[in-house]
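Chain by chain, the residues run as shown.
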Amino acid sequence: MDYRKTNAPTNTITRDMMKLCADTGNVYETVAIIAKRANQISTEMKQDLEKKLQEFASYNDNLEEVFENREQIEISRYYEKLPKPTLIAAKEYEEGKIYYRNPAKDKNNFQ
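Please read all numbers here as calculations on a predicted model, not as lab measurements. (Residues numbered from 1 in each chain as written. Predicted model: local features only at pLDDT ≥ 70, side-chain atom pairs only at ≥ 80, totals over all residues. Heavy atoms only, no water.)

*Asks:* So what's going on with the pattern of salt bridges? Which residues, and what values?
*Replies:* The tally for this structure, following the rule as stated, stands at 4 salt bridges. Two residues, Glu95 and Lys97, come together in a salt bridge whose shortest N-O distance is 3.0 Å. (Salt bridge = Lys/Arg side-chain N within 4 Å of Asp/Glu carboxyl O.)

Listed below in C-alpha coordinates is the structure:
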(Lines give C-alpha, C1' and ligand atoms only; values in the text may rest on other atoms or scores of the structure.)
Protein backbone atom coordinates (compact mmCIF):
# COMPACT_ATOMS: atom_id res chain seq x y z
CA MET A 1 0.00 0.00 0.00
CA ASP A 2 1.30 3.41 -0.90
CA TYR A 3 0.56 5.46 2.21
CA ARG A 4 1.93 8.60 0.52
CA LYS A 5 -1.00 8.68 -1.91
CA THR A 6 -3.71 8.13 0.68
CA ASN A 7 -6.57 10.55 1.05
CA ALA A 8 -6.59 10.27 4.85
CA PRO A 9 -6.87 13.53 6.78
CA THR A 10 -3.72 14.93 8.35
CA ASN A 11 -5.50 15.99 11.53
CA THR A 12 -7.76 14.18 13.94
CA ILE A 13 -11.45 14.03 13.10
CA THR A 14 -14.46 12.88 15.10
CA ARG A 15 -15.92 9.57 13.97
CA ASP A 16 -19.26 7.93 14.63
CA MET A 17 -18.19 4.74 16.39
CA MET A 18 -21.57 3.04 15.98
CA LYS A 19 -21.38 3.53 12.23
CA LEU A 20 -17.74 2.44 12.23
CA CYS A 21 -18.43 -0.80 14.11
CA ALA A 22 -21.44 -1.83 12.00
CA ASP A 23 -19.39 -4.57 10.26
CA THR A 24 -18.15 -6.30 13.39
CA GLY A 25 -20.93 -5.39 15.81
CA ASN A 26 -18.33 -4.72 18.49
CA VAL A 27 -16.60 -1.39 19.08
CA TYR A 28 -13.58 -3.01 20.74
CA GLU A 29 -13.05 -5.47 17.91
CA THR A 30 -13.17 -2.61 15.39
CA VAL A 31 -10.63 -0.61 17.39
CA ALA A 32 -8.36 -3.67 17.61
CA ILE A 33 -8.54 -4.17 13.83
CA ILE A 34 -7.68 -0.53 13.17
CA ALA A 35 -4.88 -0.61 15.76
CA LYS A 36 -3.25 -3.70 14.23
CA ARG A 37 -3.36 -2.15 10.77
CA ALA A 38 -1.93 1.11 12.16
CA ASN A 39 0.98 -0.86 13.64
CA GLN A 40 1.64 -2.45 10.24
CA ILE A 41 1.59 0.94 8.51
CA SER A 42 3.83 2.46 11.18
CA THR A 43 6.39 -0.31 10.79
CA GLU A 44 6.35 0.07 7.01
CA MET A 45 6.79 3.84 7.25
CA LYS A 46 9.63 3.49 9.75
CA GLN A 47 11.50 1.00 7.58
CA ASP A 48 11.05 3.21 4.52
CA LEU A 49 12.32 6.28 6.39
CA GLU A 50 15.33 4.41 7.81
CA LYS A 51 16.20 3.10 4.35
CA LYS A 52 16.14 6.61 2.90
CA LEU A 53 18.14 8.09 5.77
CA GLN A 54 20.79 5.34 5.51
CA GLU A 55 21.77 6.76 2.12
CA PHE A 56 22.98 9.90 3.88
CA ALA A 57 24.54 8.23 6.92
CA SER A 58 27.99 9.35 7.94
CA TYR A 59 30.13 6.78 9.72
CA ASN A 60 32.76 9.16 11.08
CA ASP A 61 33.65 8.75 14.73
CA ASN A 62 34.66 12.39 15.14
CA LEU A 63 32.39 13.98 17.75
CA GLU A 64 33.56 17.50 16.98
CA GLU A 65 32.29 17.38 13.44
CA VAL A 66 28.58 18.04 13.19
CA PHE A 67 27.30 17.33 9.73
CA GLU A 68 23.88 18.61 8.75
CA ASN A 69 22.53 17.20 5.57
CA ARG A 70 19.78 19.24 3.91
CA GLU A 71 18.36 16.19 2.12
CA GLN A 72 18.07 14.33 5.43
CA ILE A 73 16.19 17.23 6.98
CA GLU A 74 13.82 17.50 4.01
CA ILE A 75 13.07 13.77 4.08
CA SER A 76 12.34 13.93 7.81
CA ARG A 77 10.03 16.91 7.35
CA TYR A 78 8.19 15.13 4.56
CA TYR A 79 7.52 12.11 6.78
CA GLU A 80 6.39 14.37 9.64
CA LYS A 81 3.75 15.94 7.37
CA LEU A 82 2.26 12.60 6.32
CA PRO A 83 -0.99 11.49 7.98
CA LYS A 84 -0.51 9.43 11.14
CA PRO A 85 -0.77 5.64 10.78
CA THR A 86 -3.94 5.52 12.88
CA LEU A 87 -5.68 7.99 10.56
CA ILE A 88 -4.58 6.02 7.49
CA ALA A 89 -5.80 2.75 9.05
CA ALA A 90 -9.16 4.26 10.03
CA LYS A 91 -9.64 5.58 6.49
CA GLU A 92 -8.76 2.17 5.02
CA TYR A 93 -11.26 0.51 7.36
CA GLU A 94 -14.01 2.95 6.37
CA GLU A 95 -13.32 2.27 2.69
CA GLY A 96 -13.36 -1.50 3.22
CA LYS A 97 -9.73 -2.00 2.21
CA ILE A 98 -8.77 -3.99 5.31
CA TYR A 99 -9.21 -7.75 5.34
CA TYR A 100 -9.78 -9.14 8.81
CA ARG A 101 -11.06 -12.31 10.38
CA ASN A 102 -11.77 -13.49 13.89
CA PRO A 103 -10.63 -17.09 14.46
CA ALA A 104 -12.92 -17.42 17.49
CA LYS A 105 -15.97 -16.62 15.38
CA ASP A 106 -14.76 -18.88 12.57
CA LYS A 107 -14.34 -21.78 15.00
CA ASN A 108 -17.96 -21.40 16.17
CA ASN A 109 -19.18 -21.52 12.57
CA PHE A 110 -17.52 -24.91 11.94
CA GLN A 111 -19.17 -26.70 14.86
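*Asks:* So what's going on with the packing of aromatic side chains? Which residues, and what values?
*Replies:* Under the defined criterion, the tally for this structure stands at 2 aromatic pairs. Between Tyr78 and Tyr79, the ring centres sit 5.6 Å apart and the planes meet at 90°, which makes this aromatic pair edge-to-face. The exposure class of Tyr78 is partly exposed, given its relative accessible area of 37%. Between the aromatic rings of Tyr93 and Tyr100, the centroid separation amounts to 6.0 Å while the plane-to-plane angle is 35°, which identifies the pairing as tilted. (Phe/Tyr/Trp six-rings, centres within 6.5 Å; stacked < 30°, edge-to-face > 60°. Buried < 20%, exposed > 50% of the residue type's maximum accessible area, 1.4 Å probe, protein only.)

*Asks:* Tell me about the confidence of the model for the protein chain, and name the residues and values.
*Replies:* For the protein chain, per-residue confidence averages 82 on the pLDDT scale, and residues scoring 70 or more make up 81% of the total. Highest mean pLDDT in the protein chain belongs to helix 2 (residues 27-54) (92); lowest belongs to helix 5 (residues 103-110) (69). (pLDDT = per-residue confidence, 0-100. Helix = DSSP H or I, 4+ residues; strand = E, 2+ residues; numbered from the N terminus.)

*Asks:* I'd love a proper account of the nonpolar core, names of residues and values included.
*Replies:* It is characteristic of soluble globular proteins that their nonpolar side chains tend to be buried jointly. Ile34, Ile41, Ala89 and Tyr93 are the most contacted members of the largest nonpolar core, which totals 15 residues. Listing elements by their share of this core, those giving two or more residues are helix 2, helix 3 (70-81) and helix 4 (85-95). Top element by residues in this core is helix 2. It accounts for 5 residues. (Core = buried A, V, L, I, M, F, W, Y, C linked by side-chain atoms within 4.5 Å.)

*Asks:* Can you break down the packing of helix 2 against helix 3 residue by residue, with the values?
*Replies:* The contact between helix 2 and helix 3 brings their axes to 10 Å, and the two run at 170°. Compared by their axis directions, helix 2 and helix 3 come out roughly antiparallel. Mapping the contact onto sequence places Met45, Asp48, Leu49, Lys52 and Leu53 in helix 2 and Gln72, Ile75, Ser76 and Tyr79 in helix 3. Across the contact of helix 2 with helix 3, the residue classes break down as 5 nonpolar, 2 polar and 2 charged. (Axes fitted to C-alpha atoms, helices over the stretch in contact; angles between N-to-C directions. Parallel < 35°, antiparallel > 145°, perpendicular 65-115°, else oblique. Contact = heavy atoms within 4.5 Å. Nonpolar A, V, L, I, M, F, W, Y, C, P; charged D, E, K, R; others polar.)

*Asks:* Before we move on, could you go through the side chain of Thr24 and cite the residues and values that matter?
*Replies:* In this fold, Thr24 is placed in the loop between helix 1 (17-20) and helix 2. Looking at Thr24, its side chain comes within polar contact range of the side chain of Thr30, at 2.7 Å. Those residues in contact with Thr24 that lie beyond four places of it in its chain are Glu29, Thr30, Ile33, Tyr93, Tyr100 and Lys105. (Polar contact = N/O pair within 3.5 Å; in protein donor to acceptor, adjacent residues only side chain to side chain.)

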